[in-house]
Amino acid sequence: MVKCHIGVRLDYLITHFSEFQLATVGTFLIHESVFFLSGLPSIYFERSGLFSKYKIQKKSNTPEGREKCIMRLILYHVCVNLPVMLISYPTFRFMGLRSSLPLPHWTVIVSQIIFYFILEDFVFYWGHRILHTKWLYKHVHSVHHEYATPFGLTSEYAHPAEILFLGFATIIGPALTGPHLFTLWLWMILRVLETVEAHSGYHFPWSPSNFLPLYGGSDFHDFHHRVLYTKSGNYASTFIYMDWLFGTDQGYRKLKALEEVEGKKY
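Residues numbered from 1 in each chain as written. Predicted model: local features only at pLDDT ≥ 70, side-chain atom pairs only at ≥ 80, totals over all residues. Heavy atoms only, no water.

1. Let's talk about the nonpolar core
Convention followed: Think of a nonpolar core as a cluster: buried Ala, Val, Leu, Ile, Met, Phe, Trp, Tyr and Cys residues, connected wherever their side-chain atoms sit within 4.5 Å. Relative accessibility decides the category of a residue: with a 1.4 Å probe and only protein chains considered, values under 20% of the type maximum give buried, values over 50% give exposed, and everything between is partly exposed. In this text, helices come from DSSP runs of H or I with a minimum length of four residues, and strands from runs of E with a minimum of two, each type numbered from the N-terminal end. Throughout, a residue-residue contact means that at least one pair of heavy atoms, one from each residue, lies within 4.5 Å.
Counting residues in hydrophobic clusters, the biggest one holds 18 residues, and the most contacted among them are Leu97, Ile113 and Leu181. Among the elements that take part in this core, helix α7 (residues 181-198) stands out by supplying 5 residues, more than any other. Not counting chain neighbours up to four residues away, the residues in contact with Ile113 comprise Thr183, Leu186, Trp187 and Leu190. One finds Phe36, Val143, Val192 and Val196 within the second-largest nonpolar core, a separate group that totals 14 residues.

Shown next, in the form of structure tokens:
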């Protein structure tokens, strides 16, 4: 029933818009909607003090800092993200992207999404770790770390060069497999929700990391932002096993052990 309903909606879009329009402008509009709708609540929480007991850091950002983030994001999205989507369409089309019905079987969609998450996390880990070398951090990655106390929208606040560099990790999976447009949209939505949650600054009882053993989440990534860049670790985007395998989560693990012994958060 759900698949049939989605198919009807997609059939309407296919009838009224070209595949190029759907894969570029359509993808951009979906991204913007999901990103800002999921990212804005953490600003409200921070300003109002709502859910303060779940806030990881007690510090808050200034209104000027939040406004600067939003304005820069709009600029970067329009001047960097959208052109990249337009330019990359021929590559995706060549690799097999399609929008026609029927939709792929749900097992194909799920397996591709899982593959994208695993591949993205692996590529992102190494790319992010490279960005923490002295020169690249100073000239590129320090922009993202302007916010030592992150909130949802800071997840995509970065130097244009970093947007292109780490954005490769997000698109490499779909580019290799040539998915259905619906799968591409679903992947993008889940990836945006994941990175916004990781930067939200809040660790709720219902946070995914409390239920998914290998998921990093907000507490794991918040440590990365509040510690000196040479000692931060926790470089992976979604999961924790890459940092565990290469020993780049030791500072975080020591802090968690200390908190458990002393019974309070730092």
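2. A short note on the pattern of salt bridges
Short version of the rule: By salt bridge we mean one thing: a side-chain nitrogen of Lys or Arg within 4 Å of a carboxyl oxygen of Asp or Glu.
Throughout the structure, instances matching the rule amount to 10 salt bridges. Residue Glu259 is joined to Lys256 by a salt bridge in which the shortest nitrogen-to-oxygen separation is 2.8 Å. Of this pair, Glu259 and Lys256 both sit in helix α10 (residues 250-262), 3 residues apart, roughly one helical turn. In the salt-bridge network here, residues are joined through shared partners; they are Glu46, Lys55 and Arg66.

3. Remarks on the UniProt feature "transmembrane region" (unreviewed entry) in the protein chain
Going by this rule: UniProt positions are given in the numbering used here, feature names are shortened, and annotations may be inferred rather than shown by experiment.
In the numbering used here, UniProt assigns the "transmembrane region" (unreviewed entry) feature to residues 73-92, 104-126 and 163-190. Regarding residues 104-126, the helix share stands at 91% and the strand share at 0%, and the terminal C-alpha atoms are separated by 32 Å. Along residues 163-190 one finds 89% helix and 0% strand; the C-alpha atoms at either end are 18 Å apart.

4. Comments concerning α7
Cut-off, in case you're wondering: Helix span, expected: 1.5 Å multiplied by one less than the number of residues in the helix.
Taking 1.5 Å of rise per residue, the 18 residues of α7 would be expected to cover 26 Å, and the 26 Å separating its terminal C-alpha atoms lies within 8% of that figure. Within α7, 14 of the 18 residues are buried, which leaves it mostly tucked inside the rest of the structure.

5. A closer look at the side chain of His132
Of note, His132 is situated in the loop between α4 (106-131) and α5 (134-139). Owing to a relative accessible area of 7%, His132 belongs among the buried residues under this scheme. If we ignore the near neighbours within four places in the chain, the residues touching His132 are Tyr137, His141, His145, His224, Tyr229, Ser232 and Tyr235.

6. Points about the packing of helix α8 (residues 217-226) against α10
Axis angle and axis distance: for two packed helices, these are the angle between their axes and the distance between the axes, and together they describe the pair. Note the cut-off: Convention adopted: a line fitted to C-alpha atoms gives each axis, helices being fitted over their contacting stretch, and angles between N-to-C directions are expressed from 0 to 180 degrees. An angle below 35 degrees is read as roughly parallel, one above 145 as roughly antiparallel, one from 65 to 115 as roughly perpendicular, and any other as oblique. Crossings are assigned a handedness: left-handed for a near helix turned anticlockwise from the far helix by less than a right angle, right-handed for a clockwise turn.
Between α8 and α10, whose axes approach to 10 Å, the crossing angle comes to 110 degrees. With respect to α10, the axis of α8 lies roughly perpendicular. The crossing of α8 and α10 is right-handed. Within the contact between the two elements, α8 uses Asp219, Phe220, Phe223 and Arg226 and α10 uses Gly251, Tyr252, Arg253, Leu255 and Lys256.

7. Focus on the environment of Ile163
Within the element layout of this structure, Ile163 appears in helix α6 (residues 160-177). Linking Ile163 and Glu197, residues 34 residues apart in sequence, is a C-alpha distance of 18 Å. In this view, Ile163 contacts Tyr76, Val80, Asn81 and Ala158; residues no more than four positions away in its chain are not counted.

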